[in-house]
Amino acid sequence: MPPRKRKERKHVEEENLDSELSMPHLPMHTYRPERSLGNDEDDVQGEPSQCDSLRGDYTNIAVLLFLYIMQGIPLGLSGSIPLILQSRKVSYREQAMFSFVFWPFSVKLLWAPIVDTIYSAKFGRRKSWLIPTQYLMGAFMLVLSGYISYLLGDDDPTKPVSVLTLTVVFFMLYFLAATQDIAVDGWALTMLSKRNVGWASTCNSIGQTVGYSLGNIVFLALESPEFCNTYLRSEPQKDGLVTLGSFLYFWGIVFIISTTLVWIFKHEDRDEEIEGLSNVWGTYRQLYSIIKLPAVFAYVGILLTAKMGFAAADSITGLKLIEKGVPKEKLALLAVPMVPIQVLLPIVISKYTAGPKPMNIFLKAIPFRLFMGLLFAGIVWWTPSTRLPNGDYPLYYYGVLLVSYAFHQVALYSMFVSLMAFNAKISDPAIGGTYMTLLNTVANLGGNWPTTIALSLVDNFTWKSCIGASGSCDTGDLSKVCEKDGGSCMITTDGYYIESVVCVIIGIVWLVMRSRAVKNLQTLPESAWTCSSSTDKGDKS
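In this text, all values refer to a predicted model and were calculated from it rather than measured experimentally.

**As for the overall build of the protein chain**
Here is step 1 of the chain: Within the protein chain, the regular secondary structure consists of 22 helices and two strands.
Here is step 2 of the chain: For the protein chain, the proportion of contacts with a sequence separation of at least 24, taken over those separated by at least 6, is 83%.

See the structure below:
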C-alpha cells in the first residue's frame, strides 16, 4: 500500500530555555508528525462561539492536558536533581556528566520517525508507544524510589553520591518522556476535531508547565524542612513533608493507574494504514536533503555556536548560588512569578519579529544577554556579603535576584522568538514539519553542548588552598588529607568567574565575526532554502 498523502503544517516550537537561577525549563518539542487534521465533516460554517466550538472535545482536551502533565513530572524531577547534587557538594565535572540527562528531547528526531510509523494496528497507532512507555516510566519511579536514598548517599554520609548511576537512570527516564511526547503529539492531531486542533499546543504548554512545576518546584518546597516549618506546620520538625523516594513512589503509582485507565477507556480512532519502513527512510532522506543545502548548512553552524557566550550563566549560576548558601527551594520558587512574564513576552516580542528580517532582534539581544551574564557573576560574588547571621538572606537580595532574572528573560525570549520566526520563514512548505523540527533540534543542541562543556571545565579553572595545615587541595584526595590534618580547603580562584569572562569574550567575538553572516542569510531568496526533491513532491501532491 503506498504511503498516504499528508497535509503539511508548520509548527512553531518551544525552545529549551534554561533558567539560569534555578533549573532547566521545559524542553523544546523537536518533532511534530504531519497528520491529517480531522475529517471534513468537522468543518463548521460561520464563526461559532468558543463553547460551541469545543463541544465534543472537552474530554479529549482533558485527556491531552493530563497526558502532558504526566510527561512534565519526570522532567521536573530530573531538573531538581542538579540542585540536590549541588547541596551535596558534588564536583562540577559530575554535574557536567548529569547534564547529559537533558539531551533526549534535543535529539529525539533521531527516533521520532520510528515512533510515528512502526506500530500495531490492532493496539492503536499512538497507544502502541504511549501505553508501554508510561508503564515503563511508572515502573522506573517505583523501583527508583527504593534506591534513590542509597544513590544520593543519604543512608551513609561518608559514601560518595553515585552520579554515574543517577545519570544513567534519569537519562532513561528522560528518554521515555521524550518518546511519550512524540506519541502524544501525534495523537493530539487526530484526537481533536479539525476546528480544535490548535488546542493541542495549548494543552502541551499548560500541561508540561504544570507537570514540571509539580515535579520540581512543589517537590523542592515540600522536601525542604525550612519551607514546611515556615508555611505548612505549626510545630517545626527536622524533615520535610516528603522525601524524593516517597515522591517517586507516589507518582509511580499514579502513572500505573492512569495509564491503565487510558488504555481501557480512551479509544483511538483507526488511522489510515501507511507503509512504516518506507516512511521512516523517507523522513531520514528528507533530513539529509535539507542539511545538504548550503544556506541551511551555514545556518546550522550559526545555531550550534550562537549560545557559547551564555554557557557559564546558563549552567553554573544557579549552582553557584546554592554553593553560596541560597536555599535551593527558594531559587525554585523564583520561577513562579516569572510565569506571567514568560507568557506575555513572546506576544509582545512577536510584533517586532514579524517583518522580513526577524534575526535583527536576535542580534540586538545578544549584547544585552552577555551583559546579564556578567551581572549574574557579580550577584554571585555579592551574595555572601548579604547573608544574615541566621544564615538566611534579606528580602531585598531576593528582589534583586528576581528583577535581574526578569530582565534576562527579555533578552532570552527576544532571541527565542526571533529564531522561531526565522525558522518558520525559511522552512520549505513541502516538508514543513520535518524542516522546522530539524532547525529546532539543532537550536537545542546549540544550547546543550556549551552547557555540558562549561560545567566540565569549572574545576579546571578553580584553585584552592589548604588553610590551617600544610599541603594543597588540588584534587579530592588532597582535600581529604588537608581536612584530616585539621585544615580546610578555601577557594582562592573561582573558575566560575573566569568562565563568565571568557564566555562573554567568546560571545563578543562571535557577534563581530558572525553578525554579517546572519544578516546575509535573511537576504537569500526563497529558492536557497528549498529542496528540489521536496518541491517536486509538493507539486505532485
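**Here we look at a positive patch on the surface**
Here is step 1 of the chain: Taken together, Lys357, Lys364, Arg516 and Lys519 make up a surface patch of like positive charges.
Here is step 2 of the chain: Relative to the assigned elements, Lys364 resides in helix H17 (residues 359-382).

**Comments concerning helix H16 (residues 338-350)**
Here is step 1 of the chain: Along its 13 residues, H16 runs 19 Å from first to last C-alpha, staying within 8% of the 18 Å computed at 1.5 Å per residue.
Here is step 2 of the chain: Along H16, the largest kink reaches about 25° and is centred on Leu344; proline Pro346 follows within four residues of it.
Here is step 3 of the chain: The inward-facing, buried residues of H16 abut helix H18 (395-426).

**Things to note about a nonpolar patch on the surface**
Here is step 1 of the chain: Residues Phe123, Tyr249, Ile253, Ile257, Leu261, Trp263, Ile264 and Phe265 make up a contiguous nonpolar surface patch of roughly 800 Å² in combined accessible area.
Here is step 2 of the chain: By secondary structure assignment, the location of Leu261 is in helix H11 (residues 244-265).

**Digging into the packing of helix H6 (residues 127-145) against helix H8 (residues 163-191)**
Packed helix pairs are specified by the crossing angle of their axes together with the interaxial distance, meaning the distance between the axes.
Here is step 1 of the chain: Relative to each other, H6 and H8 sit at 155°, their axes nearing to 9 Å. As far as their axial angle goes, H8 and H6 are roughly antiparallel. Handedness of the H6/H8 crossing: left-handed. Taking contact as the criterion, the partners of Lys127, Trp129, Leu130, Thr133, Gln134, Leu136, Met137, Phe140 and Leu144 in H6 are, on H8, Val169, Phe170, Met172, Leu173, Leu176, Ala177, Thr179, Gln180, Ala183, Val184 and Trp187.
Here is step 2 of the chain: Along the lines of polarity and charge, the residues of the contact of H6 with H8 split into 15 nonpolar, four polar and one charged.

**Observations regarding the packing of aromatic side chains**
Here is step 1 of the chain: Under the defined criterion, the tally for this structure stands at 22 aromatic pairs.
Here is step 2 of the chain: Directly above the aromatic system of Phe310 lies the positively charged group of Arg369, at a separation of 4.2 Å from the ring centroid.

**Here we look at the packing of H6 against H11**
Here is step 1 of the chain: Here H6 crosses H11 at 155°, and the two axes come no closer than 7 Å. The orientation of H6 relative to H11 falls into the category roughly antiparallel. Between H6 and H11 the crossing geometry is left-handed. Counted together, Lys127, Leu130, Ile131, Gln134, Tyr135, Met137, Gly138, Ala139, Met141, Leu142, Leu144 and Ser145 of H6 and Gly245, Leu248, Tyr249, Trp251, Gly252, Ile253, Phe255, Ile256, Thr259, Thr260, Val262 and Trp263 of H11 form the full contact between these two elements.
Here is step 2 of the chain: Across the contact of H6 with H11, the residue classes break down as 16 nonpolar, seven polar and one charged.

**A few points about the pattern of salt bridges**
Pairs can form between side chains of opposite charge once their charged atoms are near each other.
Here is step 1 of the chain: Under the counting rule described, the total for this entry stands at eight salt bridges.
Here is step 2 of the chain: A salt bridge links Asp314 to Arg369; the nearest nitrogen and oxygen atoms lie 3.3 Å apart. One end of the pair, Asp314, is in helix H14 (residues 311-323); the other, Arg369, is in helix H17, with 55 residues separating them in the sequence.
Here is step 3 of the chain: For Asp314, a relative accessible area of 11% corresponds to the buried category.
Here is step 4 of the chain: Assessed through its relative accessible area of 7%, Arg369 is described here as buried.
Here is step 5 of the chain: A salt bridge links Lys330 to Asp392; the nearest nitrogen and oxygen atoms lie 3.2 Å apart. With Lys330 in helix H15 (residues 328-333) and Asp392 in the loop between H17 and H18, this residue pair connects regions lying 62 residues apart in the sequence.

**Some thoughts on the nonpolar core**
Here is step 1 of the chain: In terms of nonpolar packing, the biggest core is built from 70 residues, with Leu166, Phe170 and Leu244 touching the most fellow members.
Here is step 2 of the chain: The element best represented in this core is H8, accounting for ten residues.
Here is step 3 of the chain: If near-sequence neighbours (up to four positions away) are discounted, Leu244 is found in contact with Leu77, Ile81, Ile84, Ile148, Leu152 and Phe219.
Here is step 4 of the chain: Counting 41 residues, the second largest nonpolar core, distinct from the first, contains Val300, Phe310, Ile426 and Cys531.

**Quick word on H11**
Here is step 1 of the chain: Taking 1.5 Å as the rise per residue, H11 with 22 residues should run 32 Å; its terminal C-alpha atoms sit 31 Å apart, in good agreement.
Here is step 2 of the chain: Turning to H11, its buried residues number three or more, namely Leu244, Gly245, Phe247, Leu248, Trp251, Gly252, Phe255, Ser258, Thr259 and Val262. Down the axis, H11 shows its buried residues gathered within 160° of arc, on one side only.

**A closer look at the side chain of Thr117**
Here is step 1 of the chain: With respect to the element layout, Thr117 can be found in helix H5 (residues 112-117).
Here is step 2 of the chain: Of note is the side chain of Thr117, whose polar atom sits 2.6 Å from the backbone oxygen of Pro113.

**Structural notes on the confidence of the model for the protein chain**
Here is step 1 of the chain: With 83% of its residues at a pLDDT of 70 or more, the protein chain has an overall mean of 82.
Here is step 2 of the chain: In the predicted structure, residues 1-25 sits below a pLDDT of 50 and forms 117 contacts with residues beyond four places in sequence or in another chain.
Here is step 3 of the chain: pLDDT under 50 marks residues 28-45. Its contacts with residues more than four places away, or in other chains, come to 77 contacts.

**What about the environment of Val143?**
Here is step 1 of the chain: Along the polypeptide, Val143 turns up in helix H6.
Here is step 2 of the chain: Remark: the alpha-carbon pair of Val143 and Tyr249, spanning 106 residues in sequence, is separated by 8.1 Å.

**A word on the environment of Thr383**
Here is step 1 of the chain: By secondary structure assignment, the location of Thr383 is in the loop between H17 and H18.
Here is step 2 of the chain: On the basis of relative accessibility, which here comes to 0%, the residue Thr383 falls in the buried class.
Here is step 3 of the chain: With 18 residues separating them in the primary sequence, Thr383 and Leu401 have C-alpha atoms 10.0 Å apart.
Here is step 4 of the chain: Sequence-distant contacts of Thr383, that is, excluding residues within four places in its chain, are made with Leu321, Lys324, Val326, Tyr393 and Tyr397.

Criteria and thresholds
- Residues numbered from 1 in each chain as written.
- Predicted model: local features only at pLDDT ≥ 70, side-chain atom pairs only at ≥ 80, totals over all residues.
- Heavy atoms only, no water.
- Helix = DSSP H or I, 4+ residues; strand = E, 2+ residues; numbered from the N terminus.
- Contact = heavy atoms within 4.5 Å.
- Patch = residues over 30% accessible without salt bridge, like charges linked within 9 Å, V, L, I, M, F, W, Y side chains within 5 Å.
- Areas by Shrake-Rupley, 256 points an atom, 1.4 Å probe, with all protein chains shown as cover.
- Salt bridge = Lys/Arg side-chain N within 4 Å of Asp/Glu carboxyl O.
- Lys, Arg positive; Asp, Glu negative; His and termini not counted.
- Charge placed at Lys NZ, Arg CZ, Asp CG, Glu CD.
- Expected span 1.5 Å × (residues − 1).
- Bend = angle between axes of the 7 residues up to and from the residue.
- Axes fitted to C-alpha atoms, helices over the stretch in contact; angles between N-to-C directions.
- Parallel < 35°, antiparallel > 145°, perpendicular 65-115°, else oblique.
- Left-handed = near helix turned anticlockwise from the far one by under 90°.
- Nonpolar A, V, L, I, M, F, W, Y, C, P; charged D, E, K, R; others polar.
- Phe/Tyr/Trp six-rings, centres within 6.5 Å; stacked < 30°, edge-to-face > 60°.
- Lys NZ or Arg CZ within 6 Å of the ring centre and 35° of its normal.
- Buried < 20%, exposed > 50% of the residue type's maximum accessible area, 1.4 Å probe, protein only.
- Core = buried A, V, L, I, M, F, W, Y, C linked by side-chain atoms within 4.5 Å.
- Arc of directions from axis to C-beta.
- Polar contact = N/O pair within 3.5 Å; in protein donor to acceptor, adjacent residues only side chain to side chain.
- pLDDT = per-residue confidence, 0-100.

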